[in-house]
Amino acid sequence: METPAKRHRTSGDRAAETVADGPGSFEPRARLSTPTWEQTIHQVSSAIVVLKTTGARAFDTEAAGSSSATGFVVDRERGLILTNRHVVLPGPVVAEAVFQNREEVAVRALYRDPVHDFGFFRFDPAQIRFMQIGEVPLVPEAARVGLEVRVVGNDSGEKLSILSATLARLDRDAPAYSKDGYNDFNTFYMQAASGTKGGSSGSPVVDVLGQAVGLNAGSKSRTNAAFFLPLDRVLRALHALRSCCPPEGPGAAKWLQPCVPRGTLQTVFKYAGFDEARRLGLRPETEAAVRSEAGPEVTGMLVVDSVVPGGPAHASLEAGDVVVRLNGQVLRDFIRLEGELDAAVKGHVEMVVERGGAEISCKLQVDDLHSISPSRFLEVCSGVVHALSYQQARNFCTEIGKCYVAEVGHVLGQANVPKRAIITSLNKVDTPTVEDFAREYAKLKEGARAPLQYYVMSERHRKRTTLLYLHGKWFPPPAWYHRDDTTGLWEK
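First, a word on what this report is: a plain description of the structure on this page. (Residues numbered from 1 in each chain as written. Predicted model: local features only at pLDDT ≥ 70, side-chain atom pairs only at ≥ 80, totals over all residues. Heavy atoms only, no water.)

Details of the packing of aromatic side chains
Short version of the rule: Pairing of aromatic side chains here covers Phe, Tyr and the six-membered ring of Trp, requires ring centres within 6.5 Å, and sorts the geometry by plane angle: under 30 degrees stacked, over 60 edge-to-face, intermediate tilted. In DSSP terms, a helix is any run of H or I states spanning at least four residues, a strand is any run of E spanning at least two, and both are numbered starting from the N terminus. Classification of residues uses two cut-offs on accessible area relative to the type maximum, computed with a 1.4 Å probe and protein chains only: under 20% is buried, over 50% is exposed, and between them is partly exposed. In this scheme, the term charge over a ring applies when either NZ of a lysine or CZ of an arginine sits within 6 Å of the ring centre and within 35 degrees of the ring normal.
Per the stated rule, a full pass over the model turns up 11 aromatic pairs. Ring centres 5.7 Å apart and planes at 85 degrees place the aromatic pair phenylalanine 185 and tyrosine 390 in the edge-to-face group. With phenylalanine 185 in the loop between strand E11 (169–173) and strand E12 (188–193) and tyrosine 390 in helix H7 (residues 390–396), this residue pair connects regions lying 205 residues apart in the sequence. Overall, phenylalanine 185 belongs to the buried group, its relative accessible area being 3%. Summarising the aromatic geometry, the rings of phenylalanine 188 and phenylalanine 334 are spaced 5.0 Å apart at their centres and angled 80 degrees between planes, so their arrangement reads as edge-to-face. With phenylalanine 188 in strand E12 and phenylalanine 334 in helix H6 (residues 334–342), this pair connects stretches of sequence that are 146 residues apart. Neither phenylalanine 188 nor phenylalanine 334 differs from the other in exposure class; each is buried. Feature note: the residues Phe59, Phe377, Tyr481 and Trp490 constitute an aromatic cluster, connected by ring pairs. Just above the ring of tryptophan 37 sits the side chain of arginine 150; from NZ or CZ to the centre is 4.1 Å.

As for unusual backbone geometry
Unlike most non-glycine residues, asparagine 186 shows phi in positive territory, near 55 degrees. Of note in the backbone geometry, glutamine 266 takes a positive phi value of approximately 50 degrees without being a glycine. Turning to its location among the elements, glutamine 266 is positioned in the loop between strand E16 (263–264) and strand E17 (267–273).

A few points about the environment of aspartate 342
Short version of the rule: Residue contacts are counted whenever heavy atoms from the two residues lie within 4.5 Å of one another. Any pair of nitrogen or oxygen atoms within 3.5 Å is treated as a polar contact; in protein, a donor-acceptor pairing is required on top of that, and neighbouring residues in sequence qualify only through side-chain atoms on both sides.
Along the chain, aspartate 342 falls in helix H6. Counting along the chain gives 289 residues from aspartate 342 to threonine 53, while the straight-line C-alpha distance between them is 30 Å. Beyond its immediate chain neighbours, meaning those up to four positions away, aspartate 342 contacts Arg233, Arg236, Pro261, Arg262 and Gly263. Among the polar contacts listed, one links the side chain of aspartate 342 to the backbone nitrogen of glycine 263, at a separation of 2.9 Å.

Examining the nonpolar core
The nonpolar side chains of a soluble globular protein tend to be buried with one another. Worth spelling out the cut-off: To form a nonpolar core, buried Ala, Val, Leu, Ile, Met, Phe, Trp, Tyr and Cys residues must be joined to one another through side-chain atoms within 4.5 Å.
By size, the foremost hydrophobic cluster in this structure holds 57 residues, and its most contacted members are Phe120, Phe121 and Leu138. Here this core takes six residues from helix H3 (residues 232–242), the largest share from any one element. Judged by nonpolar contacts, the second largest core, of 35 residues, contains Ala294, Val298, Val324 and Ala344.

In structure tokens, the structure reads:
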């Protein structure tokens, strides 16, 4: 069984060159022409932090609770820390970073990717007074099979652990962590036998030059296999986030709104070898053309794995379609797929697929991935209700935006509504969205009783009816909270 790497719960060689990865970069690599691992670890460790996080509310795929994980500074001038998405959390989070000299500093969430397992915290570097903050450059192109690496971080809750590994694969499928929780997709992962455990989420995977070639993200239970996220899309996001730092400096309470364009077809793709693609209907002449144009290193093609109902590709793509071209070019990997989609947000792309030996061309609208990822919730007597996210819609193959119960709280709990239920009506009025539910709930008076209909994803064709008894005088009135990425807070 694969597990997301792992918060610890508490309840390829490159030639010597100058690294131009933004302000505060290290000195030219030529000075470390023959570095030792001891030198590299000493250099990297000054950028490693222990992240202590508390999820204040259940939200989307994540429950409320406290945990510890790892992060590392990727821009010391602006105070940017890279870690996993499941550490930054999609919902309200309170966090602090502990450096190696035991200095603590409050951090605020700046960005979390809607799909991939990475996110960024920010802090004020001026608050670290007794040590020189290090910085780890991101060099995704340095990753290669056979590269010796070290995973440096807070493994098993320790202050600092150093685990050695050798990259064995660069094209592993994204790990499947849970049937009804967070899963990454539409990307390759790297695999190595490092034996990482709880608390190592967000650890840098570094080569002997001190460059991060991957981000530790997950592992496989009862084995030493660990999974590392490639850094191509991470580096793109980092470049975009650097422009969010205000003129008055990183210590400002309010930053500029992060702008990292993310496009989606609400479709999950997988990488299939040419042998499997042929069984799905790939024609011999198409395979020959793809191999000729893409080169001998390409051994497969992207295939449609699932399509979210109601999405822009729902009427055009089907599971098993072999993707041949995107915007006129052979599509060989996920990096180019996401590059094209991110560049065409709210626009269109042209896709050519083969289905059962027949070629099909389609023009597809590209949705804004951020707009279909919830960034607000309704709190009702300690319960949390919000729009069904793309993550969960993909898990359960249903439409996004439905009224989703992230936490039941008092009133919904008394009515025996389970967590992760979908509410379909309240007081005999349909509630297809959380806004509809909020409007009908506001009409109820203290002590009122009203029928409520819902279903659970495991039995989505069976609607259940219960009686909602509004007994909430000991709780604050229902309130909306929305995420403000400029402050890192959730505003009421």
